[in-house]
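# Residue-level structural notes
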Amino acid sequence: MSATDRPVAVVTGATRGIGRAVAEDLAATHHVVVGGRTDAAVERAVDALPSAEGFVADLLDCGPGGSLEAALTELVPRLPRVDVLVHSAGVLHRGTVADVPMSHWEASMRVNVVAVAGITRALLPALRAAQGLVVAINSGAGLAASPTMGPYTASKFALRAFADALREEERGSGVRVTSIHPGRVDTDMQHEMIDFEGGPYQAEDYLHVGSVVSAVRFAVAATLEASIDQVVVRPRGFRA
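Everything in this summary refers to the structure shown in the same document.

Definitions and cut-offs
For every chain, the first residue of the written sequence is number 1, and numbering continues from 1 onward in sequence order. Only residues with pLDDT of at least 70 are given local features in this predicted model, and only at 80 or more are side-chain atom pairs given and counted; all residues enter the totals for whole chains, interfaces and linings. The basis for every side-chain value is the complete set of heavy atoms in the structure, and neither hydrogens nor water enter the calculation. Geometry is summarised by axes, namely lines fitted to C-alpha atoms with helices restricted to the contacting stretch, and by angles between N-to-C directions that run from 0 to 180 degrees. Per the convention used, a helix needs a DSSP run of H or I reaching at least four residues, while a strand needs a run of E reaching at least two, with both numbered from the N terminus. Any angle between 65 and 115 degrees counts as roughly perpendicular, while under 35 counts as roughly parallel, over 145 as roughly antiparallel, and the rest as oblique. Helix crossings fall into two classes, left-handed where the near helix is turned counterclockwise from the far one by less than a right angle and right-handed where it is turned clockwise. Note on contacts: a residue pair is in contact if any heavy atoms of the two residues lie within 4.5 Å. Ten residues, namely Ala, Val, Leu, Ile, Met, Phe, Trp, Tyr, Cys and Pro, are considered nonpolar, four, namely Asp, Glu, Lys and Arg, are considered charged, and the remaining ones, Gly among them, are considered polar. Accessible area is worked out with a 1.4 Å probe on protein chains only. A residue is then buried under 20% of its type maximum, exposed over 50%, and partly exposed in between. A side-chain nitrogen of Lys or Arg and a carboxyl oxygen of Asp or Glu constitute a salt bridge if their distance falls within 4 Å. Stacked, tilted and edge-to-face are the three classes applied to pairs of Phe, Tyr and Trp rings, where Trp contributes its six-membered ring and a pair requires centres within 6.5 Å; stacked means planes under 30 degrees apart, edge-to-face means over 60, and tilted covers the rest. Counted as over-ring charges are cases with an Arg CZ or a Lys NZ within 6 Å of the ring centre that also lie within 35 degrees of the ring normal. The span expected for a helix works out to 1.5 Å for each residue beyond the first.

## A look at the packing of helix α1 (residues 17-26) against helix α7 (residues 209-221)
Axis separation between α1 and α7 bottoms out at 9 Å; the angle between their running directions is 50°. Relative to α7, α1 is oriented oblique. Of the two possible hands of crossing, α1 and α7 adopt the one that is right-handed. Between α1 and α7, the residues in contact are G17, I18, A21, V22, D25 and L26 and V209, V212, V213, V216, R217 and V220, respectively. Grouping the amino acids of the contact of α1 with α7 by side-chain chemistry returns nine nonpolar, one polar and two charged.

## Concerning the environment of V114
Turning to its location among the elements, V114 is positioned in helix α4 (residues 102-130). Judged by relative accessible area, which is 42%, V114 ranks as partly exposed. Along the backbone, V114 and A158 are 44 residues apart, and their C-alpha atoms lie at a distance of 9.6 Å. Among residues more than four places away in sequence, those in contact with V114 are C62 and M109.

## Comments concerning the pattern of salt bridges
Between side chains of opposite charge, a pair can form as their charged atoms come close. Within this structure, the stated rule accounts for nine salt bridges. Notably, a salt bridge pairs R217 with D25, separated by 3.0 Å at the nearest N-O pair. Of this pair, R217 sits in helix α7 while D25 sits in helix α1, placing them 192 residues apart in sequence. On the basis of relative accessibility, which here comes to 25%, the residue R217 falls in the partly exposed class.

## Observations regarding the environment of R160
Position of R160 relative to the elements: it lies in helix α5 (residues 150-169). The class for R160 is partly exposed, based on a relative accessible area of 21%. Taking the C-alpha atoms as reference points, R160 and S139, 21 residues apart in sequence, are found 9.3 Å from one another. Not counting the four nearest positions on each side in its chain, R160 is found in contact with N138, G142, L143, H181 and Q230.

## Focus on the packing of aromatic side chains
The final tally for this structure, using the stated rule, is zero aromatic pairs. A cation over an aromatic ring shows up here: R160 above the ring of F157, its NZ or CZ 5.1 Å from the ring centre.

## Overview of α5
With 20 residues, α5 should cover 28 Å at 1.5 Å per step; its first-to-last C-alpha distance of 28 Å lies within 8% of that length. All of the buried residues in α5 are P151, Y152, T153, S155, K156, L159, F162, A163, L166 and R167.

## Some points on the packing of α4 against α5
Put simply, α4 and α5 touch, their axes get as near as 8 Å, and they point 20° apart. Classified by the angle their axes make, α4 and α5 are roughly parallel. The hand of the α4/α5 crossing is right-handed. On α5, the residues that touch H104, W105, S108, M109, N112, V113, V116, A117 and T120 of α4 are G150, P151, Y152, A154, S155, A158, L159, F162 and L166.

Below is the structure:
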């Protein structure tokens, strides 16, 4: 298939971790729009895929006239249809409510929720044209709160609410919405979490990235009459 023949998948956070793995999996069947924060990282990811192009934006700068708005203004005219939109970009800020600065709360909400809403809104006509799928890579933190996870958990609860609202709003358009809630995954973000907690890193305790990719592929492969509303994937021996 050529790029013009392939269905189109837009993946944010596609330069590392879960997003990169999802982009690599979808590249077998889709033309992938690789979303990332820097030109260099996006270019490396694009060059590694058989059919791809880049989408560079700082999702923290998602206000009027910001980096995200400029990038979307350039991207949207190139995409008359979007078959899959995967929101994988995110930030993790941890600490107690007593100690976390307000800037961390704001950054968590801007990147993990506000930017997601902005990208979805801009691509919604193209998603409707394709009867496409929106996949929000959420977290176990989007289902249950725990100490020192306030900013991250609040943003993931909000992301789940966003996905639920969008799903109900778009039932008549053919656009489907899936929330994926992984437990702890063996990624760079997990290393950051364990560093904060001060414990040893034991990769065997965590999900393989491929398990999350399989959950995304399950939603992507569903036939058009099926709505895979929510998928929870946890490490077998670990509750979080």
